[in-house]
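The lines below spell out each chain.
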Amino acid sequence: MTRIRSTTIPGGERLPVLGQGTWRMGEDASRRAAEIAVIRLGIELGMTLIDTAEMYADGGAERVVGAAIADRRDEVFVVTKFYPQNATRERMAAACDRSLRRLGTDRIDLYLMHWRGDVPIKETLAGFDDLLRAQKIRYAGVSNFDVDDMEELARLKDGLARVVADQVLYNLERRGAEWDLLPWMRRRHRPIIAYSPIEEGLLTHPHPVLRAVAERHDATPAQVALAWVMREDGVIAIPKAARAPHVRENRGAADIRLTKRDLAELDGSFPPPDDKHPLATR
Ligand code: NAP
């Protein structure tokens, strides 16, 4: 097994292009031990970027992450998100403190605004500044921002300087971000973090082309779907897996390099966008 490739965020820090999602974890106490174990397995396999949110299970997912990383905090890069209604300076400070407590840590590596709400971005940037200065967060970012949102952000003083990544829906079936957002971010040397990279498991269903490509690599359709998301620099995939075999399988995807032929066949079945559409979200 090779080392997972990495990509760079502004400032030069390198992040693995394959991490772990946690949506729908922390909802059921009877699954807690298993969820902690799979996150730890993923970390051991090199998927050290862990994505969570205050929204998931009402803080329950952050608690699961906290338990999973308690004795290995320095090995992981923790991403969490706050609700748009908490995007004011004051409410961000309180939301961040709650997330820190649940995560059992003194710092969040990357703090994202989950999606845009009514709070002016300028105010949220001031909130990020406070948290960066207090060293409660190491980096700030956004989620579900389309190009027009990013441009609005970039017009504000130091707006883009604050934001190191945008987390968006991106997978073989949801390629809209390729039209303009992905190139926009790439030109500014900021990765996108692709959520639902296997379309919540849908891309694991039998699909003739996906299966044919998978067979050539002695891989599974899910692995091909993930390898496709990570095929070029500047994209980080964060599949969520609550079962150990899925975690191992997903890790294997980082070792697959798709060929031109694979990519052409996949384009035939999952066509790239031919026009601008509003960014799809979950
Ligand atoms: P996903 O990662 O595309 O799919 C997760 C589903 O796929 C789960 O049902 C999982 O099953 C299954 N799965 C995982 N690996 C598999 C494999 N190798 N073979 C077969 N099935 C597999 O979808 P997602 O959870 O929506 O997205 C990933 C993460 O992105 C989330 O967990 C969350 O952290 C983040 N996210 C962010 C936003 C946002 O607005 N920013 C929105 C959605 C998601 P098991 O769990 O049973 O293993």
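What you see is a predicted model, and the numbers here were worked out from it, not measured in a lab.

**Observations regarding the packing of aromatic side chains**
Applying the stated rule across the entire model yields six aromatic pairs. Residues F82 and Y111 carry aromatic rings whose centres are separated by 4.7 Å and whose planes lie at 50 degrees to one another, so their mutual orientation is tilted. Taken together, the residues F82 in strand β4 (residues 77–82) and Y111 in strand β5 (residues 108–113) connect sequence positions 29 residues apart. Using a relative accessible area of 0% as the deciding quantity, one classes Y111 as buried. Members of the aromatic cluster, connected to one another through ring pairs, are F82, Y111 and F128.

**Quick look at the environment of L156**
Position of L156 among the secondary structure elements: in the loop between α5 (147–155) and α6 (159–162). If we ignore the near neighbours within four places in the chain, the residues touching L156 are I121, K122 and L125.

**Observations regarding the side chain of S99**
Among the structural elements, S99 can be located in helix α3 (residues 89–103). Not counting residues up to four positions away in its chain, the partners in contact with S99 are E54, E62, T80 and I108.

**Quick look at the site of the ligand**
Close to the ligand lie 29 residues, the nearest being D51, K240, R243, H246 and N250. For the ligand, an oxygen atom lies 2.9 Å from a polar atom in the backbone of I198. Protein chains bury 90% of the 900 Å² of accessible surface belonging to the ligand in isolation. Its atoms largely coinciding with the cavity grid, the ligand occupies the largest pocket. Looking at which element gives the most residues to the shell around the ligand, the answer is helix α10 (residues 244–253), with three residues.

**What about empty space enclosed by the protein?**
Tallied over the full model, the rule gives two cavities of 30 Å³ or more. Quantified by volume, the largest cavity comes out at close to 60 Å³. Lining the largest cavity are G19, Q20, G21, M25, M47, P239, K240, A241, V247 and N250. Across the lining of the largest cavity, the residue classes tally to five nonpolar, four polar and one charged. Lining of the second largest cavity is provided by M113, I121, T124, L125, F128, V142, F145, L153 and V163. Per-element accounting of the lining of the second largest cavity gives the leading share, four residues, to helix α4 (residues 121–133). A breakdown of the residues in the lining of the second largest cavity according to their chemical character gives eight nonpolar, one polar and no charged.

**Examining the layout of surface pockets**
Reported here for the largest pocket is a volume of approximately 690 Å³. Of all the elements, α10 adds the most residues to the lining of the largest pocket, at three residues. For the lining of the largest pocket, the class distribution of residues is twelve nonpolar, twelve polar and eight charged. If you add up the space inside the second largest pocket, you get close to 240 Å³. Around the second largest pocket sit T2, R3, I4, S6, R14, L15, P16, L45, G46, T48 and R251, which together line it. With three residues, the single largest contributor to the lining of the second largest pocket is strand β2 (residues 14–16). The class makeup of the residues in the lining of the second largest pocket is four nonpolar, four polar and three charged.

**Section: helix α2 (residues 60–69)**
Of all ten residues making up α2, eight are buried, and the element is well covered by its neighbours. Looking only at α2, the buried set comprises G60, A61, E62, V64, V65, G66, A68 and I69. The inward-facing, buried residues of α2 abut α1 (32–44), β3 (49–51), β4 and α3.

Conventions we followed
Residues numbered from 1 in each chain as written. Predicted model: local features only at pLDDT ≥ 70, side-chain atom pairs only at ≥ 80, totals over all residues. Heavy atoms only, no water. Phe/Tyr/Trp six-rings, centres within 6.5 Å; stacked < 30°, edge-to-face > 60°. Helix = DSSP H or I, 4+ residues; strand = E, 2+ residues; numbered from the N terminus. Buried < 20%, exposed > 50% of the residue type's maximum accessible area, 1.4 Å probe, protein only. Contact = heavy atoms within 4.5 Å. Near = heavy atom within 4 Å. Polar contact = N/O pair within 3.5 Å; in protein donor to acceptor, adjacent residues only side chain to side chain. Areas by Shrake-Rupley, 256 points an atom, 1.4 Å probe, with all protein chains shown as cover. 1 Å grid on protein atoms, 1.4 Å probe; cavity = no way out; pocket = protein on both sides within 12 Å on 5 of 7 lines; lining within 4 Å. Sits in = over half its atoms within 2 Å of the grid points. Points joined across faces, edges and corners; volume = space filled by probe spheres on them. Nonpolar A, V, L, I, M, F, W, Y, C, P; charged D, E, K, R; others polar.

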